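Next come the chains, spelled out residue by residue.
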Amino acid sequence: MILIGTINITRTRDRGDFHCPTCGSIREYQLKSRRPFLTLYFIPTVPIGGVEFFVRCGGCGSNWDPAILHADPQEHREQQEIRFGHEAFRSAVLVALEGGALSPQQIETLLRISGRLLPESIDREMLGQLCSSAVQNRITAANYVRSVGRDWHSEQRQFALQAMFVAATAENANPPEVTIRLLAALRDILELSDAEYQAAIEAAIDWDVDTAAD
Ligand SMILES: [Zn+2]
């Protein structure tokens with residue numbers, strides 16, 4: 001009796017770093033090829049199909065089409081930057097809303113902040129829509145930042161905190177105790193060191209003066 005079978009032969013063809021969408025960060029990958037062979041007494045003899053290539057993430061083990069390697073990292077960074085801007089702005093709005101309805105001064109400040117964080121600054125009407133959807137969702141500023149802030153890199157965390165600080169102090173340069181506690185909680189959520197927090201607050205104070213002078 002002749003033992004005949006098939007086997008997939010997988011080889012690693014290349015290695016490198018890529019942006020894994022599952023991990024959400026840069027990971028090592030292996031470019032692998034797979035080809036089915038006919039085996040005779042368990043020994044691969046002739047190929048019975050074409051070679052297929054795939055990319056395996058070294059972080060999570062997920063497989064991808066090799067086209068993922070040609071995804072433009074620059075484009076990805078830009079998209080991440082835009083998403084960050086929207087998330088940071090929403091965070092600032094939520095921080096301002098913690099004190100209840102927005103005062104005219106807070107609205108002015110938030111509109112200025114939108115010019116810094118969004119590709120285009122928004123108008124009162126859009127801010128109003130954003131506020132009402134934020135209120136309807138009933139997600140607190142702290143929980144929102146907890147959800148989205150994990151994807152922010154360290155510079156973005158500091159920048160977001162600046163925006164939230166400016167939003168929190170729009171009405172009153174000496175914010176009430178409850179606002180100070182919220183900012184301290186946000187520092188912990190964003191895992192900023194005391195030095196980073198201090199630097200962010202100092203930058204925020206300058207930032208506010210700059211924007212007010214615009
Ligand atoms: Zn991965």
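The shown structure was predicted, so the numbers you read here are calculated from the model rather than taken from an experiment.

In terms of helices and strands, the protein carries seven helices and five strands. Here the protein has a C-alpha radius of gyration of 26 Å; the compact-globule value for 214 residues is 17 Å, and the former is much larger. Projected onto the principal axes, the alpha-carbon positions of the protein cover approximately 90 × 35 × 30 Å. Counting across all 214 residues of the protein, residues that qualify as buried make up 23%.

The next point concerns the nonpolar core. Within the largest apolar cluster, 32 residues are counted, with the highest numbers of intra-cluster contacts made by Ala92, Val95, Ala96, Ala163, Met164 and Ala167. At the level of elements, helix H1 (73-97), helix H2 (104-117), helix H4 (141-148), helix H5 (154-168), helix H6 (177-189) and helix H7 (194-213) are the ones that each hand at least two residues to this core. Sort the elements by how many residues they give to this core and H5 lands first, with nine residues. Counting residues in hydrophobic clusters, the runner-up holds five residues, among them Phe18, Cys20, Val55 and Cys57.

Another aspect to go through is the environment of leucine 40. Along the chain, the position of leucine 40 falls in strand E2 (residues 25-40). Spatially, the C-alpha atom of leucine 40 lies 78 Å from that of glutamine 106, the residues being 66 residues apart in sequence.

Let us look at the environment of arginine 56. As for its placement among the helices and strands, arginine 56 is situated in strand E4 (residues 52-57). Each C-alpha atom, one on arginine 56 and one on arginine 181, is 45 Å from the other, the two residues being 125 residues apart in sequence.

What follows concerns unusual backbone geometry. Note: most peptide bonds trans; most residues except glycine with negative phi. Its identity is not glycine, yet tyrosine 41 carries a phi of approximately 50 degrees, on the positive side. For tyrosine 41, the position within the fold is in the loop between E2 and strand E3 (43-47). The exposure class of tyrosine 41 is exposed, given the 9 C-beta atoms found within 10 Å. Phi at phenylalanine 42 is positive, roughly 70 degrees, even though this residue is not glycine. A residue is classified by how many C-beta atoms lie within 10 Å of it, and phenylalanine 42, with 9 of them, is exposed.

Further remarks concern the packing of H1 against H4. For the pair H1 and H4, the least separation of the axes is 9 Å and the interaxial angle reads 165 degrees. Taken as axis vectors, H1 and H4 run roughly antiparallel relative to one another. In this structure, H1 crosses over H4, and the sense of that crossing is left-handed. Of the residues in H4, those in contact with Glu87, Arg90, Ser91, Leu94 and Val95 of H1 are Ala141, Tyr144, Val145 and Val148.

A few words now on the packing of H1 against helix H3 (residues 124-137). Their axes nearest at 10 Å, the elements H1 and H3 cross at an angle of 70 degrees. On the basis of their axis angle, the class for H1 and H3 is roughly perpendicular. Packed against H1, whose contacting residues are Arg90, Val93, Leu94 and Leu97, the element H3 presents Leu130, Cys131, Ala134 and Val135 at the interface. Classifying every residue of the contact of H1 with H3 by side-chain character gives seven nonpolar, no polar and one charged.

So, about the domain arrangement of the protein. Looking at the protein, the domain boundaries give domain 1 (4-71) and domain 2 (74-213). Just the C-alpha atoms count here: the centres of domain 1 and domain 2 sit 44 Å apart.

The next subject is H3. Under the 1.5 Å per step criterion, the end-to-end length of H3 is 20 Å for 14 residues, consistent within 8% with the ideal 20 Å. Little of H3 sits inside the fold, with zero of its 14 residues counted as buried. Trailing H3 by a residue or two, arginine 138 shows a phi angle of about 55 degrees, which is positive.

Thresholds, definitions, all that
- Residues numbered from 1 in each chain as written.
- Predicted model: local features only at pLDDT ≥ 70, side-chain atom pairs only at ≥ 80, totals over all residues.
- Helix = DSSP H or I, 4+ residues; strand = E, 2+ residues; numbered from the N terminus.
- Rg over C-alpha atoms; globule rule 2.2 N^0.38 Å.
- Buried ≥ 20, exposed ≤ 12 C-beta atoms within 10 Å, placed from the backbone.
- Core = buried A, V, L, I, M, F, W, Y, C linked by C-beta atoms within 7 Å.
- Axes fitted to C-alpha atoms, helices over the stretch in contact; angles between N-to-C directions.
- Parallel < 35°, antiparallel > 145°, perpendicular 65-115°, else oblique.
- Left-handed = near helix turned anticlockwise from the far one by under 90°.
- Contact = placed C-beta atoms within 7 Å.
- Nonpolar A, V, L, I, M, F, W, Y, C, P; charged D, E, K, R; others polar.
- Domains from an automatic or database assignment.
- Expected span 1.5 Å × (residues − 1).

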